[in-house]
Amino acid sequence: MSVPATRWRCGRFTLPVDRPLVMGILNVTPDSFSDGGRFIDPDAAVSHAREMIAAGAGIIDVGGESTRPGAPPVSSEEELARVLPVVEALGGEPDVPVSIDTRHAVIARACVDAGASTINDVSGFRDPAMIGVAAACDAGLVVMHMLGEPQTMQDEPHYDDVVAEVRGYLLARARELEEAGIARERIALDPGIGFGKTTQHNLALLRDLDAFVETGYPIVVGASRKRFIGDVTGESEPDKRLAGSVAAAIWSASRGIHVLRVHDVRETVAALAVTDAVRWADR
Ligand code: HH2
């Protein structure tokens, strides 16, 4: 068992993660499962990013390709045209860490050059070209677990022991990155809630987050508005899953995870503030 992470090195930033860092989701897509189409215009995207920062987001995760179950792939030209103006606008600001959520090496490279300080790869740096990009820069890396590909990942996913298998996979990916010369303190791991998992798999991963925190890497959790929350609460509309999303965030924070990837920054930050105030209340 390692000591839990307290910092995460992302390019020119060393982000404190001894209390959860809130990662605000910025989907510059027409078809994301909950906010598709809202921020496809770069000005709208940048102004939403600024709102999330003002509300307490510590990092902004910009994505140009929906990875919802069954989502059609997007060409690299199209993905780049969506994200680059936004990363350029935000990435040059001195105190705004920008993460690029992509599976594609050319997009990651271009965005790091444009000022992104983190690469968030939902396919877990399986592509050797992605490892090459990571090794050639000093960006922070989010290594996420996904079973298969977005088009097919929800076709009867099966694990004998979901927690052990996802944890083992992530540690193997991290080892491969370190063998490629990437510093350990740049690497964060993410169990990939909803990526090739049933509701029971997602709940088991959240229940056993300690097994991930014990690895000593910063742990990212992205449960926000996802379908398993709707399965538990009966709410079919993603943007009506706020209460369940905040509950998942607070549960995750209480298990010691380091980064919460959320749509609803203001509400999540407020809930964290209340739990912190209780934890540190005067005797
Ligand atoms: N979830 C989504 C996308 N990227 N990255 C990480 N590290 N962890 C996650 O859980 C994760 C992620 C899916 O959510 P969203 O971006 O809201 O939707 P879409 O993929 O439809 O754009």
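Residues numbered from 1 in each chain as written. Predicted model: local features only at pLDDT ≥ 70, side-chain atom pairs only at ≥ 80, totals over all residues. Heavy atoms only, no water.

Within the protein, the secondary structure is distributed over 10 helices and 10 strands. By the compact-globule yardstick of 19 Å for 283 residues, the protein fits well, its C-alpha radius of gyration being 17 Å. Dimensions along the principal axes, computed over C-alpha positions, put the protein at roughly 50 × 40 × 40 Å. Taking all 283 residues of the protein together, the buried fraction comes to 55%. Taking contacts inside the protein between residues at least 6 apart in sequence as the whole, the part at least 24 apart equals 68%. Put simply, the protein shows about 11900 Å² of open surface, and 53% of that area lies on carbon and sulfur atoms. Charge separation in the protein, taken as the distance between the mean sites of 28 positive and 41 negative side-chain charges, equals 4 Å. (Helix = DSSP H or I, 4+ residues; strand = E, 2+ residues; numbered from the N terminus. Rg over C-alpha atoms; globule rule 2.2 N^0.38 Å. Buried < 20%, exposed > 50% of the residue type's maximum accessible area, 1.4 Å probe, protein only. Contact = heavy atoms within 4.5 Å. Areas by Shrake-Rupley, 256 points an atom, 1.4 Å probe, with all protein chains shown as cover. Lys, Arg positive; Asp, Glu negative; His and termini not counted. Charge placed at Lys NZ, Arg CZ, Asp CG, Glu CD.)

The first and last C-alpha atoms of helix 10 (residues 265-279) sit 21 Å apart over 15 residues, in line with the 21 Å expected at 1.5 Å per residue. Within helix 10 the residues assigned to the buried category are Val265, Thr268, Ala271, Leu272 and Asp276. Within helix 10, the buried residues cover an arc of 135° as seen down the axis, which keeps them to one side. Away from its buried face by more than 90 degrees, helix 10 exposes Arg266, Val274 and Val278. Those residues of helix 10 that are buried are in contact with strand 3 (21-27), helix 1 (42-54), helix 9 (242-254) and strand 10 (259-262). (Expected span 1.5 Å × (residues − 1). Arc of directions from axis to C-beta.)

Another aspect to go through is the packing of helix 2 (residues 76-91) against helix 3 (residues 105-113). Two elements in contact, helix 2 and helix 3, have axes whose closest approach is 10 Å; the angle formed by their N-to-C orientations is 20°. Judged on the interaxial angle alone, helix 3 and helix 2 are roughly parallel. Crossing of helix 2 against helix 3: the hand is right-handed. Taking contact as the criterion, the partners of Ser76, Glu79, Leu80, Val83, Leu84 and Val87 in helix 2 are, on helix 3, Val106, Ile107, Ala110 and Cys111. (Axes fitted to C-alpha atoms, helices over the stretch in contact; angles between N-to-C directions. Parallel < 35°, antiparallel > 145°, perpendicular 65-115°, else oblique. Left-handed = near helix turned anticlockwise from the far one by under 90°.)

On the basis of which strands lie adjacent, the open sheet formed by 8 strands has the order 8-7-6-5-4-3-10-9 and parallel pairing. Looking at the sheet topology across the chains shown, the edges are occupied by strand 8 (187-190) and strand 9 (220-221). Note that strand 3 and strand 4 (residues 59-63) share 5 bridges and pair parallel. Residue pairing in the sheet places Gly24 in a bridge with Ile60 of strand 4. (Pairing = 2+ DSSP bridges.)

Glancing now at the nonpolar core. Core analysis: the biggest nonpolar cluster contains 69 residues, and Leu26, Ile60, Val62, Ile119, Phe125, Ile187 and Phe212 have the highest contact counts within it. Among the elements that take part in this core, helix 5 (residues 162-179) stands out by supplying 6 residues, more than any other. With residues near it in sequence (within four places) discarded, Leu26 still touches Phe39, Ala45, His48, Ala49, Met52, Ile60, Asp61, Val62, Gly63, Val86 and Leu90. Counting residues in hydrophobic clusters, the runner-up holds 12 residues, among them Trp8, Cys10, Ile59 and Ala188. (Core = buried A, V, L, I, M, F, W, Y, C linked by side-chain atoms within 4.5 Å.)

What follows concerns the packing of aromatic side chains. By convention here, two paired aromatic rings are described through the distance between centres and the angle between planes. Enumeration according to the criterion identifies 0 aromatic pairs in this entry. Across the ring face of Tyr217, the terminal group of Arg184 is positioned such that the distance to the ring centre comes to 3.9 Å. Above the ring of Trp251, the side-chain terminus of Arg255 is found at 4.9 Å from the ring centroid. (Phe/Tyr/Trp six-rings, centres within 6.5 Å; stacked < 30°, edge-to-face > 60°. Lys NZ or Arg CZ within 6 Å of the ring centre and 35° of its normal.)

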